[in-house]
Amino acid sequence: MTPAQGARLRAVWLLAATFLVAVAGLIYELIAATLSSYLLGDSVRQFSLVIGIFLSSMGLGSWLSRYVGRAFAGFVWAQILLGLVGGFMAPVLFLTYAWMGDVSAPLYAMLIAVGVLSGMEIPLIARVLKEEGAGAFRFENVLTVDYVGALAASLAFPLIIIPQLGLMSASLAFGALNLAVAGLSLWIFRDRATRAQAGIWALAFAACLVGLVQSERLVALTEVGLYEDDVILSEATPYQQITVTRFRDRVRFFLDQAIQFDTVDEYRYHELLVHPAMGLAPRVENVLILGGGDGMAAREVLRHEGVAAITLVDLDPRVTELFRDHAQLAPLNDHALSDPRVTIVNQDAWEFIEHDEALYDVVIIDLPDPRNLALSRLYTTQFYGLLAERLTGQGLIVTQSGSPLFARAAFWSIVETFEATRNPQDPGEGLSALPYHGYVPSFGDWGFVIASQHELAPRMPDLPEGLRFVTPEVWQGARIFGADTARVEAEPNSLQSHPLLDYYLDGWATWFP
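A. Focus on the pairing of strand β11 (residues 426–430). For strand β10 (residues 422–423) and β11, the ladder comprises two bridges, and the chain directions are antiparallel. In the strand pairing of β11, R422 is matched with G430.

See below:
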């Protein structure tokens, strides 16, 4: 190979390395943002903090790169350190959370380190190119390749990386990618490499590969600390982390580490959610369930005579697939999702309602708590207004509304939101709202709200036989609120202001700081 060919090979490799390290850097940022929302809550706030801290750290790294005397050596060391810090980010944070319960300090420390190292890469690569005399490869070419790499990472992360690898393996895999870039750079620029660099690189690469091979064991070790029972299923989807645990005959279902149901007491929650509204509705022929991908609400709806069709809308197709087909999970809902009357639609609830033209006798909202803006928008006057347009004349809406004890203002904000929602039958008025609550051991005191276009009389609902919790006496008591859960002033929730989110976060932080 002639010197000119060697120089061109090095220049081409450095541009290729720019693409690879750009992909890895953005993947680390997305992993940190996803982990922060999983483990710290409030995804909008956490994503914003992670992006801001990462970008500012990159700026600091770019500035610090001027103090690196030898550009090539600095680039290699940056790759080795990125491979270790970025590669082991998810394992360290998951294990820290499992055994200590707080990951804020290590998360932001590792994020700053990754940001600084990532910010040093482009200036160092540009300096190496300049030292190689690669005049044809201008600095803007380096930036172009860097931005294309970022685009590739942003597309691959939700569509390929998380579904196929999960956060733990993804972190280690891209750590190995940074180390592979360092190794190839040492070989291509072997005249500049040192034995110390090669030796430390080999140890780091071996450690990362061992971690990648043992990633399933690392996940299992993490879950031992996170969950009390044996983990029988753990999957990452583009939308959330799904975990199912079992202890003897007791099954628990978690999304992003938050419990969704426990078979010991889930009947209490689902009976309270479904039967009062179904029993008060004059007709129950056509029912819409938003959320409820576990099929438990559908199971309770099917207890009522006269149900001809149930449309169940849940964002994550993997959840509905598991609870329809999984041998251990489908029996929990009495195979409700396989009932010919049930139609499953995997779509965002808002998008579905915007384009749906059907009318429903009962709408059951079994969505997660409004712990971030993406969920809070499904508790707004605008969303409830869309739902009201899809009701038959005497139709009812019922929603789970969180805890009137732990998040008291949030619960009553949801009541206010219904009452502030435009009534299609009487445009000058809001919807009629009927709040009630009951005790679910897994959640505590839990609230619900029934809403209608007509005045709701708190009469006795027609209850099906065989219920395990809800009785006429339970229904009478459910409408009584104690002094510490009684109505308080709260603003209705809207897309413009989202007071519900602050009510919710402040309430739970007070009880569980």
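B. The packing of aromatic side chains, seen in detail. Tallied over the entire structure, the rule returns 23 aromatic pairs. Summarising the aromatic geometry, the rings of W446 and W508 are spaced 6.3 Å apart at their centres and angled 50 degrees between planes, so their arrangement reads as tilted. Within this pair, whereas W446 is found in strand β13 (residues 444–452), its partner W508 is found in helix α17 (residues 499–511), the two being separated by 62 residues in sequence. For R190, the ring lying beneath its charged end belongs to W187, and the centroid distance is 4.7 Å. The ring of Y267 has R468 lying over it, and the distance from NZ or CZ to the ring centre is 3.9 Å.

C. Structural detail: the sheet that holds strand β6 (residues 309–313). Ordered by their spatial adjacency, seven strands build an open sheet running β7-β6-β5-β8-β9-β13-β12, and the pairing between neighbours is mixed. Each edge of the open sheet is held by one strand with a lone partner, namely β7 (342–345) and β12 (432–440). This sheet shows a mean twist of 15 degrees between the axes of neighbouring strands, independent of strand direction. Relative to β13, β12 runs antiparallel, the two sharing nine bridges. Bridging from a neighbouring strand, G438 pairs with W446 of β13.

D. Representation of the side chain of D265. In this fold, D265 is placed in the loop between β4 (258–262) and α9 (266–280). Buried and unpaired, D265 has R250 as its nearest opposite-charge partner, separated by 6.2 Å. A polar contact of 2.7 Å, which involves the side chain of D265, links it to the backbone nitrogen of S442. Not counting residues within four places of it along the chain, the set of residues in contact with D265 comprises V440, P441 and S442.

Definitions and cut-offs
- Residues numbered from 1 in each chain as written.
- Predicted model: local features only at pLDDT ≥ 70, side-chain atom pairs only at ≥ 80, totals over all residues.
- Heavy atoms only, no water.
- Pairing = 2+ DSSP bridges.
- Helix = DSSP H or I, 4+ residues; strand = E, 2+ residues; numbered from the N terminus.
- Phe/Tyr/Trp six-rings, centres within 6.5 Å; stacked < 30°, edge-to-face > 60°.
- Lys NZ or Arg CZ within 6 Å of the ring centre and 35° of its normal.
- Axes fitted to C-alpha atoms, helices over the stretch in contact; angles between N-to-C directions.
- Buried < 20%, exposed > 50% of the residue type's maximum accessible area, 1.4 Å probe, protein only.
- Lys, Arg positive; Asp, Glu negative; His and termini not counted.
- Salt bridge = Lys/Arg side-chain N within 4 Å of Asp/Glu carboxyl O.
- Polar contact = N/O pair within 3.5 Å; in protein donor to acceptor, adjacent residues only side chain to side chain.
- Contact = heavy atoms within 4.5 Å.

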